Amino acid sequence: MLKIRALERQNNIRRGRNRRHGLQALAWLGGAILYYIIFSLLFDTPAEYALRHSTDRLKAEYEVLSERYDSLAVVVENVVERDRNIFAIMFDSEPYDFDSEYNNERIELHETLLAKSNREMSESLELSLDELEGKLSQLERSYATLDESLQQLGSKRNNIPSIQPVTNHDLTLLTAAYGTLMHPFYRTLQSHQGIDYAIAEGTRIFATADGVVKEVKGKNSTSGITVVIDHRNGYTTSYSHLQKVQVKRGRRVQRGDIIALSGNSGLSLAPHLHYEVRYNGVRVDPIHYFFMELTPDEYQRIMRIAQSGMQSFD
């Protein structure tokens, strides 16, 4: 009997010891879990830290790309507005819905973008924007060099054609650029050695530099009523398809003087002004001579607008 009681006592002691060990193990396990929870809330693991900061970088890159995209969207909006203006002038009606016109193209572009990952889209957009910004930087450097040269010219710079011949603050009136374009009547590609502004008849036309009226042509020619100004430094400018001339041959004019009203005379598809610049008898691109009026950003915009035109008005 005494042996049995001793064995029971030892068993009880052993069971108590096991319970204490179990409770201690549970306490340690609970403490470890609590420690892990607190540590996770207060500190990031290396993987979480990398993921969090990777997301921050993507967000910053997205904000930068969004700003650059918005600046390019302004150019596109100007082109659309220019096209709407042309449509109204040529057809005297409300312009058609551009969104519906290009709906299929937009759907295809959307599907193409969906097939790309976010990283691929970001890299593609960033590459395109980098190219555009590189071109803009080159233009800004050229503009600065040109501005320095103009400062050295002093009063002689007033004889260089350096503004637009019409009021075009929004840059939406330019419809055809210098270069090879589709002729509106012959429907063939021909050299267009000036630029066209789609403007209503009776719009004021300005001299783009100081000079003397060299010639006033009548309407019996393909260019219609035309004024030619000699700027006495190798430059001459011409303004064609006019409605009415307000200067005479031999008159001295200054930059900004009103010399005529626009019209639709001569071989002309619709009311517009055809403007040319010649240097030493050679026709040059007039857009490169708007430096006194346009900022580098505006020059970039008008260049892109000009490049979008495919048909001249004369």
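Conventions adopted
Residues numbered from 1 in each chain as written. Predicted model: local features only at pLDDT ≥ 70, side-chain atom pairs only at ≥ 80, totals over all residues. Heavy atoms only, no water. Helix = DSSP H or I, 4+ residues; strand = E, 2+ residues; numbered from the N terminus. Buried < 20%, exposed > 50% of the residue type's maximum accessible area, 1.4 Å probe, protein only. Contact = heavy atoms within 4.5 Å. Areas by Shrake-Rupley, 256 points an atom, 1.4 Å probe, with all protein chains shown as cover. Pairing = 2+ DSSP bridges. Phe/Tyr/Trp six-rings, centres within 6.5 Å; stacked < 30°, edge-to-face > 60°. pLDDT = per-residue confidence, 0-100. Patch = residues over 30% accessible without salt bridge, like charges linked within 9 Å, V, L, I, M, F, W, Y side chains within 5 Å. Salt bridge = Lys/Arg side-chain N within 4 Å of Asp/Glu carboxyl O. Core = buried A, V, L, I, M, F, W, Y, C linked by side-chain atoms within 4.5 Å. Polar contact = N/O pair within 3.5 Å; in protein donor to acceptor, adjacent residues only side chain to side chain.

K.L.:
Can you break down the overall build of the chain residue by residue, with the values?
P.N.:
Helix and strand counts for the chain stand at six helices and twelve strands. Counting all 314 residues of the chain, 32% fall into the buried class. The long-range share in the chain, meaning contacts at least 24 apart out of those at least 6 apart in sequence, stands at 68%. Looking at the chain as shown, the accessible area adds up to about 20,000 Å², and 54% of this sits on carbon and sulfur atoms.

K.L.:
Give me the lowdown on unusual backbone geometry, citing residues and values where you can.
P.N.:
Even without being a glycine, His-241 presents a positive backbone phi close to 65°. Relative to the helices and strands, His-241 is located in strand S8 (residues 235-245). Accessibility expressed as a relative area gives 2% for His-241, which makes it buried. A positive phi angle, near 55°, is found at Asn-280, a position not held by glycine.

K.L.:
Lay out the pairing of strand S10 (residues 258-262) with the relevant residues and their values.
P.N.:
Most of S10 is tucked away, with four of its five residues classed as buried. Relative to S10, strand S5 (residues 204-206) runs antiparallel, the two being bridged by three bridges. Among the inter-strand pairings, Arg-204 is bridged to a residue of S10, identified as Leu-261. For S8 and S10, the ladder comprises three bridges, and the chain directions are antiparallel. Directly across from Val-245, in S10, lies its bridge partner Ala-260.

K.L.:
If you had to explain the packing of aromatic side chains to someone new, which residues and values would you point to?
P.N.:
Taken as a whole and assessed by the stated rule, the structure comprises four aromatic pairs. Aromatic pair Tyr-239 and Tyr-275: ring centres 5.3 Å apart, planes at 40°, arrangement tilted. Taken together, the residues span a long stretch of sequence, with Tyr-239 in strand S8 and Tyr-275 in strand S11 (residues 273-279) at a distance of 36 residues. In this pair, the class of Tyr-239 matches that of Tyr-275, namely buried. Judged by centre distance (6.5 Å) and plane angle (50°), the rings of Tyr-289 and Phe-291 are tilted. Exposure remark for Phe-291: the relative accessible area of 11% places this residue in the buried category.

K.L.:
Talk me through the confidence of the model for the chain; I want residue IDs and the actual numbers.
P.N.:
Chain-level statistics for the chain give a pLDDT mean of 77 and a share of 68% at 70 or above. Ignoring residues within four places in sequence, the model shows residues 89-96, a span with pLDDT below 50, making 15 contacts including any to other chains.

K.L.:
Could you give me a rundown of a nonpolar patch on the surface, with the residues and numbers involved?
P.N.:
Residues Leu-26, Leu-29, Ile-33 and Ile-37 make up a contiguous nonpolar surface patch of about 390 Å² in total accessible area. Assignment of secondary structure puts Ile-33 in helix H1 (residues 2-42). With relative accessibility at 46%, the residue Ile-33 sits in the partly exposed group.

K.L.:
Give me the lowdown on the nonpolar core, citing residues and values where you can.
P.N.:
Formed by 35 residues in total, the largest nonpolar core has its most connected members in Tyr-197, Ile-205, Tyr-239, Ile-259, Leu-273 and Ile-287. Put simply, the parts of the chain that give this core at least two residues each are strand S4 (195-197), strand S7 (225-230), S8, S10, S11 and helix H6 (296-308). Here this core takes five residues from H6, the largest share from any one element. If we skip the residues at most four places from it in the chain, Ile-205 touches Pro-165, Val-166, Ile-199, Tyr-239, Leu-242, Asp-257, Ile-258, Ile-259, Ala-260, Leu-261, Ser-262 and Leu-273.

K.L.:
I'd like a rundown of the side chain of Ser-262, residues and numbers included.
P.N.:
Looking at where Ser-262 falls in the secondary structure, it is placed in strand S10. Residue class for Ser-262 comes out buried when judged on its relative accessible area of 0%. There is a polar contact of 2.8 Å between the side chain of Ser-262 and the backbone oxygen of Ala-200. Among all residues touching Ser-262, those that are not within four sequence positions of it are Ile-199, Ala-200, Glu-201, Gly-202, Thr-203, Ile-205, His-241, Leu-242 and Gln-243.

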